[in-house]
Amino acid sequence: MTDLDPHPDLKVLDPGQPCTATEVLESRPVPLGGVRTMTVYRTLPQRRRSLVGAWCFLDHYGPDDISLTGGMQVPRHPHTGLATVSWLFSGRIDHLDSGGNAASVVPGELNLMIAGRGITHQEISDLDTSTLHGVQLWYALPDETRFSDNAFAHYVPEPVTIPGVTARVFLGELLGSVSPVDTRTPDLLGAELTLAPGATAELTVRTDFEHAVLAENGGVTVNSTAVAHRSLAYIPPGSDTVIITAGDTETRIILLGGIPLRERIVMWWNFVGRDHDEIVEYRRRYQAELGFEPADPADAGKPALFGDYPPDQPPPLPAPPLPNSRLRPRE
């Protein structure tokens, strides 16, 4: 993202009215891997839009019969400069990271992993899971916290209700519910909302936020714009109201929000940096620390980025080759 107006093509409305300049982003299927390949549906990043606030990645998957797909089998891999948010609707995933954290991801409970300057982790479906269904989200850490220590947080939000709507606010604040989780990224929102058939949620939101609504299990209407199943509605800053209406069945959505990041970032593979050279170094040091490639003399004396790991785990993933051209910040 550049430090200029990130959305010059969308009109910013005066506060006090619902935003009608809603942009719909369609998902694209991506094979995640595993024994028989699990498919996820990615709406962030894409060419039309890379970020919503600091949110930079959104994968939606399931409901997935893992007897057919093999489920989620993502062995040890690195992250830098970002945080991961795991949120499930059904099933269970076992998380293990080089910060010394082992946890189960289960429905309705937040697992937040802050990579900081570097971490490695794995995510593997529990053997007792038959159906896997959820979202994987990342947000970019701002410059002032992206080199901080890694961390892990678990939180179970209490549901809050308004007529026809139940919400679980896992990050930030909405409908009077406030998440206590420290994100190291100011002014973020993340929530799950379930709407009864035909119900409308008229939400009061911050005018300095941009928002996104994922139509998780069926189509919805967002500020009078139809949003199909698995698509993402983007809403620019400037309105204090977001209006979401369900169809004729119970409908679940994921609502994200935040102040536009307004920092130039480069995202490649599992790394977030600020320029091409940072990404090159992250890849080089990961490959060396995990034994895929010899160490570079330029890194002599530098502290390890990616940490120790428990023994007897699946082999880690090597980093893919870098592209031939220089990586450029996403606009």
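Residues numbered from 1 in each chain as written. Predicted model: local features only at pLDDT ≥ 70, side-chain atom pairs only at ≥ 80, totals over all residues. Heavy atoms only, no water.

An unreviewed UniProt entry lists the protein under the name Pirin family protein, with Nocardia vermiculata as the source organism. Under the heading Sequence similarities (unreviewed entry), UniProt records this for the protein: "Belongs to the pirin family." (UniProt positions renumbered as here; feature names shortened; annotations may be inferred.)

Asks: What's the story with unusual backbone geometry in this structure? I'm lost.
Replies: Following leucine 44, the chain continues to proline 45 via a peptide bond in cis, the omega torsion being -5°. Its location among the elements puts proline 45 in the loop between strand 3 (38–44) and strand 4 (55–65). Following glycine 62, the chain continues to proline 63 via a peptide bond in cis, the omega torsion being 0°. Locating proline 63 in the fold gives a position in strand 4. Even without being a glycine, aspartate 187 presents a positive backbone phi close to 65°. For aspartate 187, the position within the fold is in the loop between strand 16 (177–178) and strand 17 (188–195). A relative accessible area of 31% places aspartate 187 in the partly exposed class. (Helix = DSSP H or I, 4+ residues; strand = E, 2+ residues; numbered from the N terminus. Buried < 20%, exposed > 50% of the residue type's maximum accessible area, 1.4 Å probe, protein only.)

Asks: Whenever I open this one, empty space enclosed by the protein confuses me. Can you help?
Replies: Gaps between atoms show up when a probe of the same size as a water molecule is rolled over them. Applying the stated criterion to the full structure yields 1 cavity of 30 Å³ or more. Residue lining of the largest cavity: Thr84, Ser86, His95, Val105, Asn111, Met113, His121, Glu123 and Phe152, and that is the complete set. When residues of the lining of the largest cavity are traced back to their parent elements, those giving at least two are strand 6 (82–90), strand 9 (110–114) and strand 10 (119–125). Considering only residue class, the lining of the largest cavity consists of 3 nonpolar, 5 polar and 1 charged. (1 Å grid on protein atoms, 1.4 Å probe; cavity = no way out; pocket = protein on both sides within 12 Å on 5 of 7 lines; lining within 4 Å. Points joined across faces, edges and corners; volume = space filled by probe spheres on them. Nonpolar A, V, L, I, M, F, W, Y, C, P; charged D, E, K, R; others polar.)

Asks: Explain the layout of surface pockets here, please?
Replies: Put simply, the largest pocket is a space of about 790 Å³. Lining the largest pocket are 35 residues, with Arg42, Phe57, Trp138, Trp269 and Asn270 positioned closest to its centre. When contributions to the lining of the largest pocket are tallied by element, the ones reaching two or more residues are strand 2 (28–33), strand 3, strand 4, strand 5 (73–79), strand 10, strand 11 (131–140) and strand 25 (266–268). Among the residues making up the lining of the largest pocket, the classes are represented as 17 nonpolar, 11 polar and 7 charged. Formed jointly, the lining of the largest pocket draws a minimum of three residues from each of two domains, domain 1 (23–258) and domain 2 (266–299). Volume-wise, the second largest pocket comes out at about 260 Å³. Considering the residues around the second largest pocket, the lining is formed by 16 residues, among which Gly172, Glu173, Leu188, Arg206 and Phe209 are closest to the centre. Looking at the lining of the second largest pocket, the elements with two or more residues in it are strand 15 (173–174) and strand 17. (Domains from an automatic or database assignment.)

Asks: What should I look at first to understand the sheet that holds strand 10 in this one?
Replies: Sheet strands associate in pairs through backbone hydrogen bonding, adopting either a parallel or an antiparallel arrangement. Pairing is antiparallel in the open sheet, where 4 strands are placed in the order 5-10-7-8. Two strands close off the open sheet at either side, each with one partner strand: strand 5 and strand 8 (102–105). In this sheet, adjacent strand axes meet at a mean angle of 20° when their direction is disregarded. Here strand 7 (residues 93–97) pairs with strand 10 via 5 bridges, running antiparallel. Residue pairing across strands places aspartate 97 opposite histidine 121, the latter belonging to strand 10. (Pairing = 2+ DSSP bridges. Axes fitted to C-alpha atoms, helices over the stretch in contact; angles between N-to-C directions.)

Asks: Is there a simple way to explain the domain arrangement of the protein in this structure?
Replies: One widely used convention gives an interface's size as the accessible area the parts lose upon coming together. If you check the domain split of the protein, you get domain 1 (23–258) and domain 2 (266–299). With centres defined by C-alpha atoms, the gap from domain 1 to domain 2 works out at 27 Å. Listed per partner, the contact involves 17 residues of domain 1 and 11 residues of domain 2. Of the roughly 1,100 Å² buried between domain 1 and domain 2 on both sides combined, carbon and sulfur atoms contribute 60%. Broken down residue by residue, the surface that domain 1 buries against domain 2 is led by Pro78, Thr80 and Arg146, which jointly contribute 45%. The closest approach of N and O atoms between glutamate 278 and arginine 146, which form a salt bridge, is 2.9 Å. Linking domain 1 with domain 2 are 4 residue pairs in polar contact (both at pLDDT 80 or more), by the criterion used here. For the side of domain 1 that touches domain 2, the element with the highest residue contribution is strand 5, accounting for 4 residues. Looking at the side of domain 1 that touches domain 2 residue by residue, the class counts come to 9 nonpolar, 5 polar and 3 charged. (Contact = heavy atoms within 4.5 Å. Buried area = accessible area lost by both parts, 1.4 Å probe. Salt bridge = Lys/Arg side-chain N within 4 Å of Asp/Glu carboxyl O. Polar contact = N/O pair within 3.5 Å; in protein donor to acceptor, adjacent residues only side chain to side chain.)

Asks: Hey, could you run me through the packing of aromatic side chains in this one?
Replies: The geometry of an aromatic ring pair is captured by two quantities: the separation of the ring centres and the angle between the planes. Summed over all chains, the structure comprises 11 aromatic pairs. Here the aromatic rings of phenylalanine 57 and tryptophan 138 are separated by 4.0 Å at their centres, their planes lie at 15°, and the arrangement is stacked. A residue pair is termed long-range when its members are at least 10 positions apart, and phenylalanine 57 in strand 4 and tryptophan 138 in strand 11 qualify at 81 residues. Phenylalanine 57 gets classed as buried once you look at its relative accessible area, which sits at 8%. Taken together, Trp268, Trp269, Phe271, Tyr282, Tyr286, Phe292 and Phe306 form an aromatic cluster joined through their ring pairs. The residue whose ring lies beneath arginine 49 is tyrosine 234, and the NZ or CZ to ring-centre distance is 3.8 Å. (Phe/Tyr/Trp six-rings, centres within 6.5 Å; stacked < 30°, edge-to-face > 60°. Lys NZ or Arg CZ within 6 Å of the ring centre and 35° of its normal.)

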